4 protein chains.
Amino acid sequence: MIIAVKNSSDKVQVDNLIKWIKSKGLSVDISVGENTTVIGLVGDTSKIDIDLVRSMDIVEHVTRVQEPYKCANRKFHPEDSIIDVSGHKFGGNNFQIIAGPCSVETEKQIVDIAIACKKAGANLLRGGAFKPRTSPYSFQGLRETGIDLLLKAKQETGMPIVSEIMGVRHIDLFKDVDLVQIGARNMQNFELLKEVGKMNKPILLKRGLANTIEEWLMSAEYIMSEGNHNIILCERGIRTFEPLTRNTLDLSAIPLLKELTHLPIIVDPSHASGISRLVAPLSYASTTVGADGLMIEVHNDPPHALCDGAQAIRPEQFAVIVKNIDVMLPLVNKVRI
Amino acid sequence: MIIAVKNSSDKVQVDNLIKWIKSKGLSVDISVGENTTVIGLVGDTSKIDIDLVRSMDIVEHVTRVQEPYKCANRKFHPEDSIIDVSGHKFGGNNFQIIAGPCSVETEKQIVDIAIACKKAGANLLRGGAFKPRTSPYSFQGLRETGIDLLLKAKQETGMPIVSEIMGVRHIDLFKDVDLVQIGARNMQNFELLKEVGKMNKPILLKRGLANTIEEWLMSAEYIMSEGNHNIILCERGIRTFEPLTRNTLDLSAIPLLKELTHLPIIVDPSHASGISRLVAPLSYASTTVGADGLMIEVHNDPPHALCDGAQAIRPEQFAVIVKNIDVMLPLVNKVRI
Amino acid sequence: MIIAVKNSSDKVQVDNLIKWIKSKGLSVDISVGENTTVIGLVGDTSKIDIDLVRSMDIVEHVTRVQEPYKCANRKFHPEDSIIDVSGHKFGGNNFQIIAGPCSVETEKQIVDIAIACKKAGANLLRGGAFKPRTSPYSFQGLRETGIDLLLKAKQETGMPIVSEIMGVRHIDLFKDVDLVQIGARNMQNFELLKEVGKMNKPILLKRGLANTIEEWLMSAEYIMSEGNHNIILCERGIRTFEPLTRNTLDLSAIPLLKELTHLPIIVDPSHASGISRLVAPLSYASTTVGADGLMIEVHNDPPHALCDGAQAIRPEQFAVIVKNIDVMLPLVNKVRI
Amino acid sequence: MIIAVKNSSDKVQVDNLIKWIKSKGLSVDISVGENTTVIGLVGDTSKIDIDLVRSMDIVEHVTRVQEPYKCANRKFHPEDSIIDVSGHKFGGNNFQIIAGPCSVETEKQIVDIAIACKKAGANLLRGGAFKPRTSPYSFQGLRETGIDLLLKAKQETGMPIVSEIMGVRHIDLFKDVDLVQIGARNMQNFELLKEVGKMNKPILLKRGLANTIEEWLMSAEYIMSEGNHNIILCERGIRTFEPLTRNTLDLSAIPLLKELTHLPIIVDPSHASGISRLVAPLSYASTTVGADGLMIEVHNDPPHALCDGAQAIRPEQFAVIVKNIDVMLPLVNKVRI
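Being a predicted model, the structure only gives us computed values, none of them experimental. (Residues numbered from 1 in each chain as written. Chains lettered and ligands numbered in written order. Predicted model: local features only at pLDDT ≥ 70, side-chain atom pairs only at ≥ 80, totals over all residues. Heavy atoms only, no water.)

(A) A look at the overall build of chain A. Across its full length, chain A holds 10 helices and 14 strands. On the principal axes, the C-alpha backbone points of chain A span a range of 75 × 45 × 40 Å. Across the 337 residues that make up chain A, the buried fraction comes to 68%. Relative to all contacts within chain A whose residues are 6 or more apart in sequence, the contacts with residues 24 or more apart total 67%. In the structure as shown, chain A presents an accessible area of about 11300 Å², 50% of it carried by carbon and sulfur atoms. For chain A, the centre of its 38 positive side-chain charges and the centre of its 40 negative side-chain charges are spaced 3 Å apart. (Helix = DSSP H or I, 4+ residues; strand = E, 2+ residues; numbered from the N terminus. Buried < 20%, exposed > 50% of the residue type's maximum accessible area, 1.4 Å probe, protein only. Contact = heavy atoms within 4.5 Å. Areas by Shrake-Rupley, 256 points an atom, 1.4 Å probe, with all protein chains shown as cover. Lys, Arg positive; Asp, Glu negative; His and termini not counted. Charge placed at Lys NZ, Arg CZ, Asp CG, Glu CD.)

Right, here's the structure in full:
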């Protein structure tokens, strides 16, 4: 962190600032210029509140050189983290495909889709039991029952399951879910983040609709600071002014995150655009841009899906996508086992 | 809702769609044109999932004419709702000023500020006990203790208190808080919304950083659909590309909301910009644009505030703002008692 | 400007950087820390290309302390600029109201509206002759004829006229227009900015739909750097994700600009929201937030206006707004003569 | 277009509206419902001003079913347009790579880069002669001289050249430029669009920083409505709240545009992120998402480039990218000759 202090400042106040910085366990480099005195902070500045420093009258400008996240930072953990989800590895040169319906509806539905997805080549099964819906009048998911049905599909197919958790009271219900998802709307539900940070389970952390990459990594940091370092990030589109797609998929985030963090990053091309016809091309783009996997919505009867039908594809379309991805993987030095 | 169906569609599918609509308790107006058949839905369409309809192959276009919220809709409740917070009325021609620090720090701090705010003319006291912070390493609030200290300040000054709730497990701690705030980051924490919907207490619902006005009203609808109709909305700035202010205060939202809903709306000019020098002019603008009140951060020692110090003003500055607002209120036909 | 250089850098490269900075007429403050060497640039850094510095391998971080604009900067011109438009003063404690139709349509139309606006209290007359329309099939304005009709209305009422210029080839047509407007879509049409910078006329520079405050001031700087310092800024809403209003009026920009620049700033509440019912409350908010004036669309027959009818108000509604504004002006220490 | 009229409306006004629609050469389908009368417009509605209809008092809701663009619309031109740029074909199953420096600086510089780019596999040469810079103090390009130097590089290498036009006065200077670029900031400079619409030359139309896909196609329509149908679109990133990348590359736009229009679309991965390390992965993603080509900034000495150095890559890095793209092209059924 570099703090520029006006030279017109009261010397006592400047000394107080320096004393306060040192009290945080940091040392300082001071450079007195013509108009400005520059204070460089040496040490771990992740615990310094930059807004507090900025608010001080004597401070003209403050800028962070170091990132405010530590556990998630590649600087302090140069190798890729490999996250193991019930035998399926995310990160490094591994690639995984998660597939399944938006919502779990009936036992037959989820088992049928699970079998179809597995046959088409999927590695893990997704399915929504608890559904975050904008309207209280929309279908909210089968909740507990939905988890039970997912577990049946897992039993039937052997595929690990991925499902979204929406509240701290449901932690126990997720003890057999292989990968616990934090949805976009809960990315900054800090009470929930702390709670899953205490779980001994891999977490799939989706990016919030209007959250920066740095805020996203800070939410990963929340989970990691509680002890759980098994985090997979998931880009799913951000909110912009463009009305033709539901969100704007930010694929630049993938190679950028690869520099900033050691955590694996997958892409959800289904929710991003909200248009099923875009799922295939966005899956290919996500693969070649360097993602560690994909999460794709597949439904065996899209027009009757209870939610988000517009973005789901059928198993036969999904099978084509998987085949094409498998051809592309060697070009980006990835394998799918 | 108006659904345009392609005339090239299979007649059986169109009939199925019409049957499905009728099964939801709605009637239909059908108009067969040259290229398109237009189906007008008559009745309460708030329970129809527009995304599901859009996803159907035979549908060319679907558009909602009615708003998807009902309890919050002014059409069905033409008079302003008046929300009573321990004797202080929000809505109608009433105007209220809430003031206090970002965070509760010590008993002396909160009591001193409370006294200063009251003297300057504030009607209610705000103070953060549970603090949603981007970083796990930033001060997270005094939590339970913070609520206790707020209650002491209430006892000392008689001012009703406003504080933010962050999780369903803390509901009981808020039983003596007069106005329970849902923060911007939790605006779509649906499990929490349902829970406060069961409280017998007024709720202050802040707009999410990247949420549309319609989504905001749908979150109010979540609370109302559980039985709690005592909601006050709070505009606090939205996320845009402009970097000089932390958020962009959306004052157009105020008169627009006055048309769409009967609920009162106040403005938080402190968090919006993150710059203390903008608090006064934005407070005046909020007043004359038609808001029902203000929530202003006041601190007796801003540079040492434990959080958000940059946006807080001192009690003497706050007193000037209050005086100026009181001159403006008659011009917008409001009173502050 | 503060440049942080990695200590692992080649010494020769660092020396080259310092030499290059000095060759630009600047001096440097160097501070060698444990991990980083901080170079502070002393002097006028507005001619240093920050992106170029950022791209250098040895540079870890670079941050601008000084603003990149000079002529428009209040630091170098602390008093408010007063811009005289044919006897009407903008800036300081003056307030001006510009009113008129979106487009000039017929002589009778523009003269009738001009008379009505004057009677209602407007100070200047606006009218579009050249119209920037998204579609080539929409009405493009009467062009040359439109300017002629505006001049007739000026003759009839004595009101100075304001109209938008869209291209460098039309400069001569605007020689009798009192205030020449650069529209939002041309805010970064740099060839046009340079050309109006050579005019001996006040320029009304609207903010671009997606331009930052700094970019806006840089566009003012383009005009000023050619010699024309008679610039009035006009906030008219920015593009955000909110669909209910056409744009989001950024009123925080007004007090912020008052700190950054000495140029007057007015607000256009009509284009911002695109909803006529919001014009009155947004006009009041603009006045109390500290703007130097307003530009309001007024039409004598809104449903038949050839463009932007949805946002125009009738003369009798405009008269009420003017009356209310005149009551508010003393509260913000402004006068309208 | 579907217009919903309130049943409480004056019958005379509704009849007037219908008469007005018919006077535009359209026929109507009318459906009288319980609360609303729905008027469906049959025929070419691209000349109907939707904002005007929306502003009418009797209109409750209006929605466009047909797109407002016609020449650019795939519905009326189902086959891909193939645009020939001096023998290089864009569109269909063709793929083209444009490469070169941000700015032309000296004859040696541009000729050296042109030779290096050709050797690495580029098909066309780009180079900026007229540079749109945010600051009037930044390098503005060599202008006329820059065009001359590009023509020398073309003579030397045989590569067709691409360069940006910034104003209507420079049309004649571009008579030997093979592909004339309209930059992002001029995407809605309608006077310039009309002028290049009269040129007998292919136009490369970049998307504006904050423009929707529909507005972009309307700008193409401006050029086409003047007679020039040789347009290539270029996605280059949109403005969002994310600060780590300069812009957010919107790759979902590519497959979506393939449905909406018959015009070819290329991607500029260099300007989008502003980070040279992201050029390779974003180039691969653009290829597999279905783009018809790429425009990549290449510089032989990035740290000393006069502008945008941070995003340029060196020829040897560019050669690797080209090699990888050529492996990917068969997977998306494209060829590069």
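Alright, that's what it looks like, and here's the rest.
(B) Broad picture of the pairing of strand 3 (residues 36-42) of chain D. Residues and elements named next belong to chain D. Buried residues dominate strand 3, accounting for 7 of its 7 residues. Alternating positions in strand 3 separate into two faces, T36, V38, G40 and V42 on one and T37, I39 and L41 on the other, with burial throughout. Relative to strand 3, strand 1 (residues 2-6) is paired through 5 bridges, and the arrangement is antiparallel. Looking across to strand 3, one finds that K6 is bridged to T36. Where strand 2 (residues 27-32) meets strand 3, 6 bridges bridge the pair, whose relative direction is antiparallel. Of the residues in strand 3, the one forming a bridge with I30 is I39. (Pairing = 2+ DSSP bridges.)

(C) Just helix 3 (residues 107-120) of chain C, in detail. Residue and element names in this part refer to chain C. Here helix 3 spans 20 Å end to end across 14 residues, near enough to the 20 Å set by a 1.5 Å rise per residue. Those residues of helix 3 not exposed but buried are Q109, I110, V111, I113, A114, C117 and A120. In this structure, the buried residues of helix 3 make contact with strand 7 (96-100), strand 8 (124-126), helix 4 (144-157) and helix 10 (315-328). (Expected span 1.5 Å × (residues − 1).)

(D) Spatial organisation of the relation of the copies chain D and chain B. Between chain D and chain B, the superposition needs a rotation of 180° and an axial shift of 0.0 Å, giving an RMSD of 0.0 Å. Accordingly, the operation relating the two chain copies is best matched by a two-fold axis. Minimal C-alpha distance to the rotation axis in chain D is attained by F241 of chain D, lying at 2.3 Å. With an isologous cut-off of 70% or more, the 100% of interface residues of chain D that recur at the interface of chain B puts this contact in the isologous class. (Least-squares fit on C-alpha atoms with pLDDT ≥ 70 in both.)

(E) Region of interest: the interface of chain B and chain A. Across the boundary between the two partners, chain B contributes 49 residues, which contact 49 residues of chain A. When chain B packs against chain A, the two sides together hide about 4100 Å² of surface, and 51% of this comes from carbon and sulfur. The interface formed by chain B and chain A contains 6 salt bridges. Linking E191 of chain A and R143 of chain B is a salt bridge whose minimum nitrogen-to-oxygen distance equals 3.1 Å. In this structure, the connection of chain B to chain A is made through 22 residue pairs in polar contact (both at pLDDT 80 or more). At the level of secondary structure, the elements contributing two or more residues to the side of chain B that touches chain A comprise helix 2 (50-54), helix 5 (190-196) and helix 6 (213-225) of chain B. (Buried area = accessible area lost by both parts, 1.4 Å probe. Salt bridge = Lys/Arg side-chain N within 4 Å of Asp/Glu carboxyl O. Polar contact = N/O pair within 3.5 Å; in protein donor to acceptor, adjacent residues only side chain to side chain.)

(F) Broad picture of the sheet that holds strand 3 (residues 36-42) of chain B. All names here are of chain B. The 4 strands lie next to each other as 2-3-1-4, forming an open sheet whose pairing is antiparallel. A strand with exactly one partner marks an edge of an open sheet, and here the two such strands are strand 2 (27-32) and strand 4 (59-63). Mean inter-strand twist for the sheet, computed between neighbouring axes without regard to direction, equals 20°. (Axes fitted to C-alpha atoms, helices over the stretch in contact; angles between N-to-C directions.)

(G) Structural context of the relation of the copies chain B and chain A. Aligned on chain A, chain B shows an RMSD of 0.0 Å; the corresponding rotation is 180° and the shift along the axis is 0.0 Å. When the interface residues of chain B are mapped onto chain A, 100% of them again lie at the interface, so the same face is used by both copies.

(H) Local environment of the packing of helix 6 (residues 213-225) of chain C against helix 7 (residues 253-260) of chain C. All names here are of chain C. For the pair helix 6 and helix 7, the least separation of the axes is 12 Å and the interaxial angle reads 50°. Regarding the angle of helix 6 to helix 7, the classification is oblique. By crossing handedness, the relation of helix 6 to helix 7 is classed as right-handed. Judged by residue contacts, I213, W216 and L217 of helix 6 engage A253, L256, L257 and L260 from helix 7. A breakdown of the residues in the contact of helix 6 with helix 7 according to their chemical character gives 7 nonpolar, no polar and no charged. (Parallel < 35°, antiparallel > 145°, perpendicular 65-115°, else oblique. Left-handed = near helix turned anticlockwise from the far one by under 90°. Nonpolar A, V, L, I, M, F, W, Y, C, P; charged D, E, K, R; others polar.)

(I) Structural context of unusual backbone geometry. With a phi angle near 55°, R143 of chain B is a residue other than glycine that sits in the positive phi range. Among the structural elements, R143 of chain B can be located in the loop between strand 8 (124-126) and helix 4 (144-157). Of note in the backbone geometry, S86 of chain D takes a positive phi value of approximately 50° without being a glycine. S86 of chain D gets classed as partly exposed once you look at its relative accessible area, which sits at 45%.

(J) Main features of the pairing of strand 14 (residues 293-297) of chain B. All names here are of chain B. The element strand 14 is largely enclosed, with a buried count of 5 among its 5 residues. Burial of the side chains of strand 14 extends over both faces: G293, M295 and E297 are buried on one face and L294 and I296 on the other. In this sheet, strand 14 lies alongside strand 7 (residues 96-100) in parallel orientation, the contact comprising 5 bridges. Looking at the pairing, I98 lines up with M295 of strand 14.

(K) Main features of a nonpolar patch on the surface. A surface patch of nonpolar side chains, about 290 Å² in accessible area, is lined by V327 and L331 of chain A together with V327 and L331 of chain D. Position of V327 of chain A relative to the elements: it lies in helix 10 (residues 315-328). Under the relative-accessibility criterion, V327 of chain A is labelled partly exposed at 44%. (Patch = residues over 30% accessible without salt bridge, like charges linked within 9 Å, V, L, I, M, F, W, Y side chains within 5 Å.)

(L) Seen up close, the nonpolar core. Among the nonpolar cores identified, the biggest contains 308 residues, and F318 of chain A, F318 of chain B, F318 of chain C together with F318 of chain D are the most heavily contacted of them. Apart from the residues within four sequence positions on either side, F318 of chain A is in contact with I97, A99, C117, A120, A122, I296, V298 and I313 of chain A. (Core = buried A, V, L, I, M, F, W, Y, C linked by side-chain atoms within 4.5 Å.)

(M) Representation of the packing of aromatic side chains. All names here are of chain B. In this structure the tally under the stated criterion is 8 aromatic pairs over all chains. A ring pair is formed by F190 and Y222, whose centres lie 4.6 Å apart and whose planes are at 20°; its orientation type is stacked. Taken as a pair, F190 in helix 5 and Y222 in helix 6 lie far apart in primary sequence, 32 residues in all. Taking the relative accessible area as the measure of exposure, F190 reaches 1% and is therefore buried. Exposure remark for Y222: the relative accessible area of 1% places this residue in the buried category. (Phe/Tyr/Trp six-rings, centres within 6.5 Å; stacked < 30°, edge-to-face > 60°.)

(N) Geometry of the environment of G290 of chain D. Residue and element names in this part refer to chain D. Tracing the chain through its elements places G290 in the loop between helix 9 (279-289) and strand 14 (293-297). Note on G290: relative accessible area 18%, which makes it buried. Those residues within four positions of G290 in sequence are excluded, and the remaining contacts are I254, K258 and K334.

(O) Structural context of the sheet that holds strand 3 (residues 36-42) of chain A. Residue and element names in this part refer to chain A. Strands sit in the order 2-3-1-4 across an open sheet of 4 strands; the sheet is antiparallel. In this open sheet, the two edge strands, each paired with only one partner strand, are strand 2 (27-32) and strand 4 (59-63). Neighbour-to-neighbour, the strand axes of this sheet turn through a mean angle of 20°, independent of strand direction.

(P) Highlighting the interface of chain D and chain B. Chain D puts 21 residues into the contact, and the matching count from chain B is 21 residues. Here chain D is connected to chain B by 0 salt bridges. Our count for the chain D to chain B interface comes out at 2 residue pairs in polar contact (both at pLDDT 80 or more). Mapped onto the side of chain D that touches chain B, the elements with two or more residues apiece are strand 1, strand 2, strand 3 and strand 4 (59-63) of chain D. Of the residues contributing to the side of chain D that touches chain B, the split by class is 8 nonpolar, 8 polar and 5 charged.

(Q) View of the state of the cysteines. All names here are of chain D. Inspection of every chain in the model, using the stated rule, returns 0 disulfides over all chains. Looking at C117, it has no disulfide partner, and the nearest cysteine sulfur is the one in C102, 13 Å off. What makes C117 buried here is its relative accessible area of 1%. Here C234 stays free of any disulfide, with the sulfur of C102 as its closest cysteine sulfur at 14 Å. (Disulfide = S-S within 2.5 Å.)

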